[in-house]
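Letter by letter, the chains look like this.
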Amino acid sequence: MRLKNKIAVITGAAGGIGQAAAFLFSQEGARVVVVDNDAEKGKETVNKITREGGKAILVKADVSRRDEVEEIFKITRKEYGALHILYNNAAIFLRKADGPITEITEETWDWILDVNLRGVFLCCKYGIPEIIRSGGGAVINTSSSAGVIGVPQCDAYTATKGAIISLTRSLAVEYAPQKVRVNCIVPCAVDTPMLNESSREDPSFDEAKFLATTPARRYGKPEEIAQMALFLASDEASYCIGGIFVSDGGITIS
Ligand SMILES: NC(=O)c1ccc[n+]([C@@H]2O[C@H](COP(=O)([O-])OP(=O)(O)OC[C@H]3O[C@@H](n4cnc5c(N)ncnc54)[C@H](O)[C@@H]3O)[C@@H](O)[C@H]2O)c1
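For every chain, the first residue of the written sequence is number 1, and numbering continues from 1 onward in sequence order. The predicted origin of the model limits local features to residues at a pLDDT of at least 70 and limits the giving and counting of side-chain atom pairs to 80 or more, whereas totals for whole chains, interfaces and linings rest on all residues. To obtain the side-chain values, all non-hydrogen atoms of the structure were used and water was disregarded.

(A) Molecular detail of the overall build of the protein chain. By definition, any uninterrupted DSSP run of H or I lasting at least four residues is a helix, any uninterrupted run of E lasting at least two residues is a strand, and each is numbered from the N terminus. A tally of regular secondary structure across the protein chain gives 8 helices and 7 strands. Considering only residue pairs separated by 6 or more positions, the protein chain has 73% of its internal contacts joining residues 24 or more positions apart. Accessible area of the protein chain: about 11900 Å², with a carbon and sulfur share of 51%. Here the protein chain carries 29 positive and 32 negative side-chain charges, and the mean point of each set is 8 Å from the other. Note on definitions: a residue-residue contact is assigned when non-hydrogen atoms from the two residues lie within 4.5 Å. Using a 1.4 Å probe, accessible areas were evaluated by the Shrake-Rupley method; residue-level cover was limited to the displayed protein chains. Note on charges: Lys and Arg go in the positive column, Asp and Glu in the negative column, and His and the chain ends are not counted at all. Charge coordinates come from a single atom per side chain, which is NZ of Lys, CZ of Arg, CG of Asp or CD of Glu.

(B) Quick peek at the site of the ligand. Definition of nearness: a residue and a molecule or strand are near each other if at least one heavy atom of the residue lies within 4 Å of the molecule or strand. Around the ligand lies a shell of 27 residues, among which Asp36, Asn89, Tyr157, Val190 and Thr192 are the nearest. Within the contact set of the ligand, an oxygen atom lies 2.8 Å away from a backbone nitrogen or oxygen of Asn89. Protein contacts shield 90% of the accessible area of the ligand, which totals 830 Å² for the unbound molecule. Taken together, the elements giving at least two residues each to the shell around the ligand come down to helix H1 (16-27), helix H5 (155-175) and helix H6 (193-200). Under the scheme applied, nonpolar residues are Ala, Val, Leu, Ile, Met, Phe, Trp, Tyr, Cys and Pro; charged residues are Asp, Glu, Lys and Arg; polar residues are all the others, including Gly. Considered class by class, the residues forming the shell around the ligand number 15 nonpolar, 9 polar and 3 charged. We define a polar contact as two N or O atoms separated by no more than 3.5 Å, with the added condition that, inside protein, one atom must be a possible hydrogen donor and the other a possible acceptor, whereas residues neighbouring each other in sequence contribute only through side-chain atom pairs.

(C) Main features of the pairing of strand S6 (residues 180-187). Type-normalised accessible area, obtained with a 1.4 Å probe on protein chains alone, sets the label of each residue: buried when under 20%, exposed when over 50%, and partly exposed for intermediate values. Counting buried positions along S6 yields 8 of 8 residues, so the element is predominantly enclosed. The side-chain alternation of S6 yields two buried faces, one formed by Val180, Val182, Cys184 and Val186 and the other by Arg181, Asn183, Ile185 and Pro187. Strands are treated as partners if at least two bridges between them are detected by DSSP. For strand S5 (residues 137-142) and S6, the ladder comprises 6 bridges, and the chain directions are parallel. Residue Gly137 lies in a different strand from S6, and its bridge partner there is Val180. Handedness of the β-α-β unit built from S5, H5 and S6 comes out right-handed. Sheet topology places S6 next to strand S7 (residues 244-247); 4 bridges connect them, and they run parallel. Each residue of the ladder has a partner; that of Pro187, found in S7, is Ser247. We call a crossover right-handed when, viewed with the strands running away from us, the connection from the first strand over the helix to the second turns clockwise.

Structure representation (structure tokens):
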């Protein structure tokens, strides 16, 4: 029970890595606020947690909307009275609309930045005060290989994921004295719906070649990223502040 008595908000918890983290956090004793703009899938996450004896509620919210984000933390305070963990996981990858910067429309650029960066800004703006009020805790942000190495064809996504790394570091130094540890996970090639969108459904993607040049020779599982998030959320990571934690099968070092 590494998260016993902890309250965790996880964004994008209806699918992929966020859903795996919601299950794992609840198994480790946390009460989980499942946040997603997909209410149907979000309900499935909550139902699975409660069927297995855990505690979770769903807040349907678009993280890019201030009023909806404010509501997440109001509901969390009303239902659970505290907040210790904010896992900023929600993001979008728009393979067909994103691309080289000269070809992206302003609307696409704004849409991706709104969800992937403004969403983290809003969740931190309204979530961090709740963590401080609760005596401290952890913020976990989510970057990507695209934030640390050059990945073509997704310049708007890349811009957001690079910014998340810088933001993690500045938040970490700002809020560590108030007992809020801010860290960042850097995943790559994790088997989720986003991997389908970013790679598998791309006709030019050569899966065999990709896997042959990936040191791990396989995709990651959402549960493997969730385990890293669990560590960063738990007291075991009590001296981890502003860290950029890569979990990518070795892709960014090969
Ligand atoms: N899967 C990978 O290989 C990979 C690689 C690098 C980084 N990441 C990052 O990991 C995180 C999770 O990715 P994933 O693969 O699980 O993605 P996913 O697409 O499978 O899941 C993302 C979840 O976020 C939700 N979401 C999207 N827009 C939202 C919004 N505006 N408001 C609220 N919820 C919203 C979706 O409904 C979905 O449930 C993302 O930040 C992603 O950028 C993933």
